[in-house]
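# Observations on chain architecture
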There are 2 protein chains.
Amino acid sequence: MSKFVYFFGDGHSEGKADMRNLLGGKGANLAEMSNIGIPVPPGFTITTDVCTIYYANEKKWPEGLKEQVKEAVAKVEATTGKKFGDPENPLLFSVRSGARVSMPGMMDTVLNLGLTDTTIKGLEKQNARFAYDSYRRFIQMYGDVVRGVDHDLFEEAIEKAKNEAGVNNDSELTPEQLNVLVAEYKAIYKKATGEDFPQDPWTQLEGAVNAVFNSWDTDRAIKYRQLNNIPGNWGTAVNVQTMVYGNLNDSSGTGVAFTRNPATGENVFYGEYLMKAQGEDVVAGIRTPHEIADLKEEMPVIYAELEAIYHKLEQHYKDMQDIEFTIEDNKLYMLQTRNGKRTAAAAVRIAVEMVDEGLIDEKTAVLRVGPEQLDQLLHPMIDPNFKGDVLTKGLPASPGAAVGRVVFTAQEAEEWNNKGEKVVLVRVETSPEDIGGMASAQGILTARGGMTSHAAVVARGMGKCCVSGAGDVKVDFAKRTFNVGGTEVKEGDWISLNGTTGEVFKGQADLIEPQVAGDFATLMGWADKYRQVGVRTNADTPEDALRAREFGAEGIGLCRTEHMFFKGDRIISIRKMILSNTEAERRSALDELLPYQKDDFTELFKAMKGLPVTIRLLDPPLHEFVPHTDQEQAQMAKKMGRTKEEVKAKVDSLEEFNPMLGHRGCRLAVTYPEIYEMQARAIMEAACELNKEGYDIVPEIMIPLVGDVKELSYVKDRVEKVVKDTLSDYGVSFGYQIGTMIEIPRACLTANEIAKEADFFSFGTNDLTQMTYGFSRDDAGSFIKDYIDKKILTSDVFATLDQTGVGALVEVAVEKGKSTNPGIKLGICGEHGGDPATVEFCHKVGLTYVSCSPFRVPIAKLAAAQAAVKNPR
Amino acid sequence: MSKFVYFFGDGHSEGKADMRNLLGGKGANLAEMSNIGIPVPPGFTITTDVCTIYYANEKKWPEGLKEQVKEAVAKVEATTGKKFGDPENPLLFSVRSGARVSMPGMMDTVLNLGLTDTTIKGLEKQNARFAYDSYRRFIQMYGDVVRGVDHDLFEEAIEKAKNEAGVNNDSELTPEQLNVLVAEYKAIYKKATGEDFPQDPWTQLEGAVNAVFNSWDTDRAIKYRQLNNIPGNWGTAVNVQTMVYGNLNDSSGTGVAFTRNPATGENVFYGEYLMKAQGEDVVAGIRTPHEIADLKEEMPVIYAELEAIYHKLEQHYKDMQDIEFTIEDNKLYMLQTRNGKRTAAAAVRIAVEMVDEGLIDEKTAVLRVGPEQLDQLLHPMIDPNFKGDVLTKGLPASPGAAVGRVVFTAQEAEEWNNKGEKVVLVRVETSPEDIGGMASAQGILTARGGMTSHAAVVARGMGKCCVSGAGDVKVDFAKRTFNVGGTEVKEGDWISLNGTTGEVFKGQADLIEPQVAGDFATLMGWADKYRQVGVRTNADTPEDALRAREFGAEGIGLCRTEHMFFKGDRIISIRKMILSNTEAERRSALDELLPYQKDDFTELFKAMKGLPVTIRLLDPPLHEFVPHTDQEQAQMAKKMGRTKEEVKAKVDSLEEFNPMLGHRGCRLAVTYPEIYEMQARAIMEAACELNKEGYDIVPEIMIPLVGDVKELSYVKDRVEKVVKDTLSDYGVSFGYQIGTMIEIPRACLTANEIAKEADFFSFGTNDLTQMTYGFSRDDAGSFIKDYIDKKILTSDVFATLDQTGVGALVEVAVEKGKSTNPGIKLGICGEHGGDPATVEFCHKVGLTYVSCSPFRVPIAKLAAAQAAVKNPR
């Protein structure tokens, strides 16, 4: 019989921290905390395996689970001295989800479980008001979560009760009034479900556990997993834990805190608490909580205990912790600890400072920052000197800057974004349903909620700017406006957020470019120290090249020459070349282009100052360059002394059914060798002239779309002749390389032959993915959503390399290529080159370098360092 | 030092018959004949390796060749008693090409080499007339072949001489007149080349050898090799052989003969000869030669000797021989023997009769007929004696013959056919909508498109004659005419197509019917006995299925259900389905289609009488089925109660950039599972009803375009549910299989996973080739010619499987597939399935069966048998 249930509490847990995959993060850490002597209300965890079995087994419990749950409950009873279902001293449970990685607010929770008309008696004796309030909360929560009863029905009932009682707050209702409400709630439950509210606590427990399992597969949870690349088959664990009450009396309270500031990384205890409240009151933002520092005055003993615990936890986990605690009648309980989410800036600062503190080593520090997170540090911020019209100031919940037009619903955020509009989503408070809209917005502004509110946590996770708890913001949804200090802002108006300061500006703020400095530079230094894969950039212009060098790029891995063809009047010469009828005409048009291309390469070589530059010769089908409108065709006809009909006929003849698989890349050079000859000459003339001036340029010429070694030989022979002729014309001699893109499956399969003719391979994983999958990137939009919805694909294969299929071909090519050319240089220059998972793959298969867009260079470097630390070569 | 030169003659040759690769066919057989005591003028062979070195070495002789040639000449001098360059008894040579396989008439020859103003004296003594005639022939031949002197210049000179002498024939010129002509020829040579005619026989020899090497790479030789799949790197050998003269005197002559009739295979000596003539006189047809039988009377001793030799050769080579002989002054010399080319009918008859004669065994007989040749026996043909008016020549896209009246639309083809008219459908190019019209026509002529165009592929599939890519044909739809080289052909005019040659005739050609019986049936029986790979057919209609069964197909390997969608009114329902906005609408349209599909499958199952039938579910992108013209869109809009704009918008939304890599195959079923559900139900209802009647059908349902096992699982689960539901509805139970096409590179790479979910794999090598090469079949026409011209590709990868690249993927898939599903059935159903080289590959990698168009079934069977004989498993 498999073990499905793990007890925790009382210093003798069955689980521990490294059992996260089985017990979920929360369960593993509850067990661990208990083991190291931290006070945790006892309970048990039902494993993630059970969730998987539950879904595989038509949502039924596996055999033996019921018995194991009963045993675990008995153990909790023995530990607490309370009994489940007991009218005297009833044991009540919270039932919470807990996946391998945190999915805040995405899944369901049921509190106060075990309350029935019988067990309520035990509570009544302690505090009647509290007892009835807990019972009515439980009925509502259970009805909503387990049975899908509309929670508005309950809200209406309590509103009515308050009106009748002439009071404003729930807390002003008398115990008797609350007891009446309990009866009304039960009636609402019965009307909605057709059944009495369950009076058997075991039935309640089974229902709540199933509700948690079911919440793994709600639309919002699926969407969250997609956004965060969490596999759908991981499942969630369920934590059943003894209830403790932060709302029991005036000596009770609850709070959430971070051991360091999650926004800045500063080493201060940071958090919020509320007295006489349950956990969700803090998170929900109904009452504005106090800063944790205030607790020191309010409950000095408890604060000291909490301080000792947080130090102990940070030393134990060697990372910044995000903790939840409850004080029940002057006694402190820890309900959760986990590694805290943090902004990129905080992650970097914490990692660097923890090395300084001797808590972790450099390699560990390198692992502590998510490469994707760095994106936040690489994007513009609001210029500190910007003097805008400050509307208000909220909490700096997630740093960075956002400039966008105001929308008020998540749906509109998505719609406007799809139309290409930049938007800022303004809400009273966000809820899990808003995830899609948050992802579509530049930033999020909320009127309510603290630093740990839903909006704040999710925005930080997304690396998205957020200002929360801007209490002055009064939203009028009906009018689609918000008012702040007398200023009305309408839907569609521009505002700007500074997530680092909490400022909200009217209009569009000025932004400044990011810099690699301070702790960030320290961390990148460690990354450079430990990584083994080089990082180049894909850059077609000197501007891109310069930016990438600032970010630490070690060369250009891909310069796409065709992008240069659209600049200025060059397109005219390109079109002449394409529309030519004879080689002589073509050569004459190419002669016009040569000086332009030479200039391009000169500027690029200069910008890279002797770092290697890989230039890909012309790749796209010629149809992409020709004039398509009547007017443009007429213009070209005039320039070339042709009729418009002739031009049109030529243009039409270039049209292809599947241009992706058509006449492009080196295939063009097989038909028209003179095109690559011109490009090779332009590259070499630029290099010759600069090297004469003292540069030390080693040009790398890359021939695209090779599928057979004979293609490469044919084209290379012609290119190399030009290279040698140019060197001889200039009377100079220096190194150069001629290599090829590997982007066709057949090239991978015959890489041993191709490597004999190539100085380097650069994997063009965009096209390789298209051909290996048979997916046209331009067309896959129409069905790939269905694939993800139906769990056939877990992620976008054009963003993260498919290691099973496409990766297998890359591995074949690496192995075969090295077999005939052991010193071959191996790179990757597809979109995947900046994706951390792909970088790790590239490290593992032994590539020399990855190449990515300039803004992703630091991300790729950090990912490469992490790969090296995790997988020593 | 490599051995470059091999002596032959005098019973002691250095080579032998099995050295064909090194010595070429002619050289190897000259050596062999000499070794078995057949009189051969002595000489030597310069190897094919030298040709390769010659080209690699800027057309220079390798070191040592000159010396080896001198030694060999010395050996010939010793054998013949003549001396090269000797004025008394000069040794003269013929210099001829000789490749591994015969390339008749493609390469150059120089005769009478060694004649100079000095050596002519030795000849003068024997016969002055003969001497001057030989000299002037040599000057002309050497000038033409070695130095490119226009041979018309020589022809004009001899014409003038004959006019001046007042004679009609060369033979009437006096020795003196011929001697004058020799001087004139030398002057012509000098004028054209700027040099005196070479008087050093060694210079002549080097020039002639180089000319033969150079003739390997002429356009016509390259073209011939392309047509016959002869690799360009094989090179030719050069045979330098002592001249013997069939024109020396009245007791001299020359002839060519076959040991059996090469047209019919009849076992009779068959050939022609001319007295007092050299070999080329027989071939050139200047004088009409005599039948070989006449030689028996004219020279009985020689004839008897010849008869003994031909029997000896046939016994020795165990095959029908094509021989050349010369009688010089009553002495018989053999100049060549080789296996004789023969028609398919002759090949079959000779193979079968040689088994009867005990000369060869059945396995050898199976190897004796070229599988491709069988094509000739399987289609009605234009009578080879028909002398028609050739309008133009296109590509021989699908063999056979068609005689019919011209129509220009598919609809008219159907209408005329229904009225009992035989028609030829003439289109610029065909599209899937034309299927019905193509089926109704005798043959198809297209102005555009290659050997693998839609028209060509579909026509071959139908076994219908097709001439494609006839670029001279200018169609004027408005006038219902086409114009070709100034001739106008109107709708209703008779034309005839020869699909085997690509010829288009005006009027009605005479046809001859093929016969599939007798020796052919015997041979096919042996093929069935020895082959290990099964042979199925690709068939979409009962007619195709029946024809294929007549040809011996063992099942259907590919039934493309989409072709059925164009029949009659079904296209309306298909379009309704595609244009639906909701699943309910789609299901209602599919319900309309169900009975049609069910009928289709019923007829197909009936036709195959319990043989396995593999049905591929819908594969092409939906865009192929939708109405494209305004009128059709309006019609659909009316039928569906929509506006034309709505219909047009939907049609436009289905357009794709790269439909080949778009929303098609199982991807459609991921989005719209109901389509495959309908098809699965139709298949199973048909099978259930027939099996209840006593049939024994095991349907094989094939899911196309799978790239990931999860796609297959998703689609298969839904299909299998319908299968089981249908079995249960009918209350029956029988076997069925669900498998997949393997046509995406990723499917090959992950075949171990996919095989767990598949009962069979069928390799769709058309698409697999497109994706592995990155070649769109529809677009490759624009560059593939350059690839073949530039020797980057040796053959069309869509006709013969690329074993290096695509084949490697097939091997990976076979190995991986068997690793997780050892019993998996493995087939191939691409166009390659009927290609003999591919069939051999399939045998080697262990496929269960190949599937090909009906008319290629015997070809595939024979190829499979040959593969089994050559590669015992």
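Everything below is about the structure shown above.
The text that follows walks through the structure, step by step, so that each part is easy to find.

Here is what the cut-offs are and how they apply
Residues numbered from 1 in each chain as written. Chains lettered and ligands numbered in written order. Predicted model: local features only at pLDDT ≥ 70, side-chain atom pairs only at ≥ 80, totals over all residues. Heavy atoms only, no water. Contact = heavy atoms within 4.5 Å. Buried area = accessible area lost by both parts, 1.4 Å probe. Salt bridge = Lys/Arg side-chain N within 4 Å of Asp/Glu carboxyl O. Helix = DSSP H or I, 4+ residues; strand = E, 2+ residues; numbered from the N terminus. Nonpolar A, V, L, I, M, F, W, Y, C, P; charged D, E, K, R; others polar. Core = buried A, V, L, I, M, F, W, Y, C linked by side-chain atoms within 4.5 Å. Buried < 20%, exposed > 50% of the residue type's maximum accessible area, 1.4 Å probe, protein only. Phe/Tyr/Trp six-rings, centres within 6.5 Å; stacked < 30°, edge-to-face > 60°. Pairing = 2+ DSSP bridges. Axes fitted to C-alpha atoms, helices over the stretch in contact; angles between N-to-C directions.

## Description of the interface of chain B and chain A
Facing the 43 residues of chain B at the interface are 43 residues of chain A. Overall, the association of chain B and chain A removes approximately 4000 Å² of surface from exposure, summing both partners, and the carbon and sulfur fraction of that is 58%. It is Leu661(B), Arg746(B) and Ile792(B) that lose the most area in chain B upon contact with chain A, and together they represent 16% of the buried surface on that side. For the interface between chain B and chain A, the tally reads two salt bridges. Note that Asp802(A) is salt-bridged to Arg746(B), the shortest N-O span being 2.6 Å. For the side of chain B that touches chain A, the secondary structure elements donating two or more residues are helix 25 (666–671), helix 27 (709–730), helix 28 (745–749), helix 30 (765–773) and helix 31 (781–789) of chain B. For the side of chain B that touches chain A, the residue count by class is 18 nonpolar, 13 polar and twelve charged.

## A look at the nonpolar core
One finds Phe605(A), Tyr676(A), Phe761(A), Phe605(B), Tyr676(B) and Phe761(B) to be the most contacted residues of the largest nonpolar core, which totals 289 residues. Residues within four places of Tyr676(A) in sequence aside, it is in contact with Leu617(A), Leu618(A), Gly665(A), Cys666(A), Ala669(A), Ile703(A), Pro704(A), Val715(A) and Val719(A).

## Concerning the packing of aromatic side chains
Two aromatic rings, taken as a pair, are described by how far apart their centres are and by the angle between their planes. On inspection of all chains with the given rule, the structure shows 48 aromatic pairs over all chains. Here the aromatic rings of Phe138(A) and Tyr142(A) are separated by 5.7 Å at their centres, their planes lie at 65°, and the arrangement is edge-to-face. Of this pair, Phe138(A) and Tyr142(A) are both found in helix 5 (residues 128–147), four residues apart, which corresponds to roughly one turn of the helix. With respect to class, Phe138(A) is no different from Tyr142(A); both count as buried. Judged by centre distance (5.0 Å) and plane angle (40°), the rings of Tyr54(B) and Phe213(B) are tilted. Here the residue Tyr54(B) occupies a position in helix 2 (residues 48–56), and Phe213(B) occupies one in helix 8 (residues 201–215), the gap between them amounting to 159 residues.

## Considering the pairing of strand 17 (residues 465–468) of chain A
All names here are of chain A. Of the two faces of strand 17, the one carrying Cys465 and Val467 and the one carrying Cys466 and Ser468 are both buried. As paired elements, strand 13 (residues 395–398) and strand 17 share three bridges and run antiparallel to each other. In the sheet register, Pro396 faces strand 17, and the bridge partner there is Val467. Pairing of strand 16 (residues 443–446) with strand 17 involves three bridges; the strand directions are parallel. Residue pairing across strands places Ile444 opposite Cys466, the latter belonging to strand 17.

## Some remarks on the sheet that holds strand 20 (residues 487–490) of chain A
Residues and elements named next belong to chain A. Judged by pairing direction, the sheet is antiparallel, and its three strands sit side by side in the order 18-19-20 without closing on themselves. In the strand order of this sheet, the two ends are held by strand 18 (474–476) and strand 20, each with one partner. Put simply, the sheet's adjacent strands are angled 25° from each other on average, direction ignored. As judged from the four bridges shared by strand 19 (residues 481–484) and strand 20, these two strands associate in the antiparallel manner. The partner of Val484 across the bridge, within strand 20, is Thr487.

## Points about helix 21 (residues 570–579) of chain B
For helix 21 of chain B, the tally of buried residues reaches nine of ten residues, placing the bulk of the element in the interior. Within helix 21 of chain B, the full set of buried residues consists of Arg570(B), Ile571(B), Ile572(B), Ser573(B), Ile574(B), Arg575(B), Met577(B), Ile578(B) and Leu579(B).

## Here's the deal with the pattern of salt bridges
Residues and elements named next belong to chain B. For the structure on display, the rule yields 128 salt bridges over all chains. Residue Arg746 pairs with Asp708 through a salt bridge whose shortest N-O separation is 3.1 Å. One end of the pair, Arg746, is in helix 28; the other, Asp708, is in the loop between strand 27 (699–703) and helix 27, with 38 residues separating them in the sequence. Judged by its relative accessible area of 3%, Arg746 falls in the buried class.

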